[in-house]
Amino acid sequence: MVTKIEKIEGKKADEKVIRAAGEILKNGGLVAFPTETVYGLGANALDEKAARKTYQAKGRPSDNPLIVHIARMEDLPAIVKKIPKKAAAAAEKFWPGPLTMIFEKSGIVPYGTTGGLDTVAVRMPDSETARRLILAGGGYISAPSANLSGRPSPTSAEHVREDLDGKIDMILDGGPVEIGVESTILDMTVDPPMILRPGAVTKDMLEPLIGPVSVDRTLIQPDSAAAPKAPGMKYRHYAPRANLQIIDGERKQTIAVINRLAEEKIKAGFLVGIIATEESVGRYECGNIKCVGSREDERTIAAGLYRILREFDEDGVDYIYSESFSEDGIGMAVMNRLLKAAGHQVIKAES
Ligand code: AMP
Ligand code: MG
């Protein structure tokens, strides 16, 4: 299959492209598109066969459900059994935006889309291109991240091309995304509602609005025997090809430990990558040093993380050493993804 790549400028001129992409979706095809979180791989969410194609293209296990994307609040009732009051309040404030909510599904949502579950995950993205495409494609578009299963999620159209060229019908190129980590997943079928995946919408942002929110305890804890509640979170996602380790401790000690580890490995003939920040990048002495963002603003780190993991894959490094980041705000999402990418390998830098 030849994958068409179309640039989106956000203008009237795109109308023809969006319409053509919508037709592909209506006919059961696959179109990757930008959202504000990461690029999604779109398919008709109400078509079981289209879901199967999605799993095939990504190499994704079919028990890992897809998120259904909508563009208008009035489209929600048809795909869910009921809309809890708290969900309506959260939607009012955070939709469109990086919040996915889990509902009991209605009969029109096929089990192929929900991985066999009686619940459905729904999000209304903020990206205008995404919303235009959803409407052009019939209103209900399932869209997992547009990467091969196991690779870091794509934050640019180029990343999608690397993974899915020749496997899908079209890629809409809207440039780099804004947020860079996947949406917060909030389960509204339990009371209190529970965060199953941390993202840009945090517990602290939700609680003033809908009261207490719990957090799936498997998200940050490495050694918990319990299975995560979102089926997809159990897979070793976001994995770079290199062995990634996180070094946690005071800034000075962390830098010293990373410098020592990097030197050892380089002497032994390995290629070493280092994930640094604007605040520390000048203090590393050897290796392939990349600056992920600034500690002054955790959002810059979220925006840079997946791109850097992919760059290290391309550079062919054998080991990656990363600093550890604050879990405040979107930092919890950053650390959740980084810990998964590292297979939870954390080295304590002792003073
Ligand atoms: P991705 O599409 O790559 O962002 O992954 C979607 C995530 O949403 C995966 O971790 C899924 O397990 C999770 N998810 C989707 N639907 C449900 C659901 N009905 N219940 C719980 N988690 C879900
Ligand atoms: Mg994904």
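Preceding this paragraph is the structure being described.
Residues numbered from 1 in each chain as written. Chains lettered and ligands numbered in written order. Predicted model: local features only at pLDDT ≥ 70, side-chain atom pairs only at ≥ 80, totals over all residues. Heavy atoms only, no water.

Okay, the site of ligand 1 next. The full set close to ligand 1 counts 19 residues, and Thr-119, Pro-144, Ser-145, Arg-197 and Gly-232 are the nearest of them. Note that an oxygen atom of ligand 1 is positioned 3.1 Å from one of the side-chain N or O atoms of Asn-64. The side chain of Arg-197 places a nitrogen or oxygen atom 2.9 Å from an oxygen atom of ligand 1. Alone, ligand 1 offers 500 Å² of accessible surface; in the complex the protein occludes 96% of this. For the shell around ligand 1, the secondary structure elements donating two or more residues are β6 (119-123) and β10 (194-197). Among the elements that make up the shell around ligand 1, the one with the highest residue count is β6 (3 residues). Tallied by class, the residues present in the shell around ligand 1 amount to 13 nonpolar, 4 polar and 2 charged. (Near = heavy atom within 4 Å. Polar contact = N/O pair within 3.5 Å; in protein donor to acceptor, adjacent residues only side chain to side chain. Areas by Shrake-Rupley, 256 points an atom, 1.4 Å probe, with all protein chains shown as cover. Helix = DSSP H or I, 4+ residues; strand = E, 2+ residues; numbered from the N terminus. Nonpolar A, V, L, I, M, F, W, Y, C, P; charged D, E, K, R; others polar.)

Note on placement: Ala-50 falls in helix α2 (residues 48-58). When the C-alpha atoms of Ala-50 and Thr-113 are compared, they prove to be 8.7 Å apart, with 63 residues separating the residues in sequence. In this view, Ala-50 contacts Gly-28, Leu-30, Ala-43 and Asn-44; residues no more than four positions away in its chain are not counted. (Contact = heavy atoms within 4.5 Å.)

With 10 of its 11 residues buried, helix α10 (residues 331-341) lies for the most part within the structure. Of the residues making up α10, those classed as buried are Gly-331, Ala-333, Val-334, Met-335, Asn-336, Arg-337, Leu-338, Leu-339, Lys-340 and Ala-341. Check the buried side of α10 and you find it contacts β10, β12 (243-249), α9 (298-315), β15 (319-323) and β16 (346-349). Taken from the residues just after α10, Gly-343 is the one with a positive phi, measuring 55°. (Buried < 20%, exposed > 50% of the residue type's maximum accessible area, 1.4 Å probe, protein only.)

Attention shifts here to the sheet that holds β12. Strand order in the open sheet formed by 5 strands is β14-β13-β15-β12-β16, and the pairing between neighbours is parallel. Single-partner strands in this sheet number two, and they are β14 (288-291) and β16. This sheet shows a mean twist of 25° between the axes of neighbouring strands, independent of strand direction. Examined bridge by bridge, β12 and β15 share 5 bridges and lie parallel to one another. The residue bridging Asn-243 from the neighbouring strand is Tyr-319, located in β15. (Pairing = 2+ DSSP bridges. Axes fitted to C-alpha atoms, helices over the stretch in contact; angles between N-to-C directions.)

Put simply, Trp-95 and Pro-96 share a cis peptide bond, and its omega is -5°. Inspection of the secondary structure puts Pro-96 in the loop between α3 (85-94) and β5 (99-104). Backbone torsion omega between Asp-191 and Pro-192 reads 0°, so that peptide bond is classified as cis. Along the polypeptide, Pro-192 turns up in the loop between β9 (184-187) and β10. At His-344, a residue that is not glycine, the phi angle is positive and equals roughly 65°. For His-344, the location among the structural elements is in the loop between α10 and β16. Given the relative accessible area of 26%, His-344 is considered partly exposed.

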